[in-house]
Amino acid sequence: MKRMTEEERDKILLYEKRGSVATLTLNRQKALNALNTALLEALRDALADAEADAVIRVIVITGVGDRAFCAGADITELLEKSPIEARDWSLWVQEITSYMERLRKPILAKIKGFCLGGGLELAMACDFRIASNNSIFGQPEVNLAIIPGGGGTQRLPRLIGKTRAMEMLMTSEQIDAAEAYRLTLVNTVVPEDELDREIDELIKKLLSKSPATLGTLKYAVNRGIEMDLEHALECEADCFGAVCATEDAREGLKAFWEKRKAGFKGK
Ligand code: CO8
């Protein structure tokens, strides 16, 4: 597949680094930020850049404008795919969402407006979903006589339970932010004008922790949750041992003992 130039990527995805935070903004406002291949490629490349940049400690994914975080996969592009191409594309999208879960930095979805189909699949691969009260969530694929292909059939039941997930998937029911919060599909719902402040407060909390510890914690949760309990607990113990070997853990434990604020270096 042809690699995009930086200039092309800048148009379809806004990628901004400020201090320790990288913000990736889906920038297809006229198409309600629908995910086409070019946008997904740009997203994957920006995530890889943010992962490799040691200064970056938190990643925020959002959509441009007030109407949509993302209205799903680009339907015009889907029309052109043969069944084999569709299967390969689904696997490729799943690789990106699985990569987001493996990436050892917290990823926050900042959601306003529609968060549908592939958009919800993208949000579900993030570690936090912070939504404005005008957000709408759903997996409307069956209305198009297709099914989710970016992890929705698996991550939705894992996040909210099989009963309501099956209902949302089969009926294409769209739910508002309050219901999404009730189902624990999102972490927080706030009025739109408080969204930035809410995100900033969360980022502040995350930046006060050891980045190495948060990375290992994310790994333990995302790896362990797919294992049987015996192996998951072993995975947790391995991770526990690994963080205890860090300078930050030494500093954290020592600072508690010395009744002072810890200073973490990410080592
Ligand atoms: N793809 C392409 N274009 C879109 C999409 C989309 N998913 N959604 C909206 N648009 C475009 C519209 O075509 C329209 O363009 P134009 O102005 O040129 O006609 C523009 O965005 C604005 O949309 P509407 O005029 O429809 O705005 P409304 O306010 O009337 O409706 C809705 C908003 C309800 C969000 C409506 O646009 C809609 O239903 N969109 C489709 C939602 C949908 O079905 N999403 C699922 C897509 S399939 C999918 O995601 C499968 C995932 C598989 C793999 C994972 C990939 C990441």
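Up top is the structure these notes are about.
Figured I'd write up the structure that's included with this text. (Residues numbered from 1 in each chain as written. Predicted model: local features only at pLDDT ≥ 70, side-chain atom pairs only at ≥ 80, totals over all residues. Heavy atoms only, no water.)

1. Observations regarding the environment of alanine 31
Mapped onto the elements, alanine 31 comes out in the loop between strand E2 (21–26) and helix H2 (37–52). On the basis of relative accessibility, which here comes to 29%, the residue alanine 31 falls in the partly exposed class. (Helix = DSSP H or I, 4+ residues; strand = E, 2+ residues; numbered from the N terminus. Buried < 20%, exposed > 50% of the residue type's maximum accessible area, 1.4 Å probe, protein only.)

2. Comments concerning a nonpolar patch on the surface
Residues Ile75, Leu144 and Ile146 make up a contiguous nonpolar surface patch of about 250 Å² in total accessible area. Tracing the sequence through the fold places isoleucine 146 in the loop between strand E8 (136–138) and helix H6 (152–160). Residue classification places isoleucine 146 among the partly exposed positions, given a relative accessible area of 34%. (Patch = residues over 30% accessible without salt bridge, like charges linked within 9 Å, V, L, I, M, F, W, Y side chains within 5 Å. Areas by Shrake-Rupley, 256 points an atom, 1.4 Å probe, with all protein chains shown as cover. Salt bridge = Lys/Arg side-chain N within 4 Å of Asp/Glu carboxyl O.)

3. A look at the packing of aromatic side chains
Aromatic rings considered in pairs are described by the distance between their centres and by the relative angle of their planes. In the structure shown here, the tally under the stated rule is zero aromatic pairs. The aromatic ring of tyrosine 219 is capped on one face by arginine 104, whose charged end is 4.4 Å from the ring centroid. (Phe/Tyr/Trp six-rings, centres within 6.5 Å; stacked < 30°, edge-to-face > 60°. Lys NZ or Arg CZ within 6 Å of the ring centre and 35° of its normal.)

4. Considering helix H7 (residues 162–171)
Listing the buried residues of H7 in full gives Arg164, Ala165, Met168 and Leu169. End-on view of H7: buried residues confined to an arc of 130°, all on one side of the axis. Facing away from the buried surface of H7 by more than 90 degrees, the exposed residues are Lys162, Thr163 and Met170. Taken together, the buried residues of H7 touch E8, H6, strand E9 (175–176) and helix H8 (177–182). One or two steps after H7, the chain reaches serine 172, where phi turns positive at roughly 60°. (Arc of directions from axis to C-beta. Contact = heavy atoms within 4.5 Å.)

5. Concerning the pattern of salt bridges
Taken as a whole and judged by the stated rule, the model has 18 salt bridges. Measuring nitrogen to oxygen at the nearest pair gives 3.9 Å for the salt bridge that ties arginine 197 to glutamate 194. With a shortest N-O distance of 2.8 Å, glutamate 251 and arginine 260 are connected by a salt bridge. Residue classification places arginine 260 among the partly exposed positions, given a relative accessible area of 34%.

6. Description of the site of the ligand
Taken together, 25 residues sit near the ligand, with Arg67, Ala71, Ala73, Ile75 and Gly118 positioned nearest. At 3.0 Å, a backbone N or O of isoleucine 75 approaches a nitrogen atom of the ligand. One nitrogen or oxygen atom from the main chain of glycine 118 is found 2.8 Å from an oxygen atom belonging to the ligand. Here the ligand has 1100 Å² of accessible area as a free molecule, and 65% of this is covered by the chains. Contributing elements (two or more residues each) for the shell around the ligand: helix H3 (75–79), helix H4 (83–102), strand E6 (114–116) and helix H5 (118–124). Here the residues of the shell around the ligand sort into 15 nonpolar, five polar and five charged. (Near = heavy atom within 4 Å. Polar contact = N/O pair within 3.5 Å; in protein donor to acceptor, adjacent residues only side chain to side chain. Nonpolar A, V, L, I, M, F, W, Y, C, P; charged D, E, K, R; others polar.)

7. Some words on the side chain of glutamate 141
Mapped onto the secondary structure, glutamate 141 falls in the loop between E8 and H6. One buried charged side chain, glutamate 141, makes no salt bridge at all; its nearest oppositely charged neighbour is arginine 155, positioned 11 Å away. Leave out the neighbours within four places in its chain, and glutamate 141 touches Gly117, Gly118, Glu121, Ile146, Ile147, Pro148 and Ser172. (Lys, Arg positive; Asp, Glu negative; His and termini not counted.)

That's the geometry; what it means functionally is another story.
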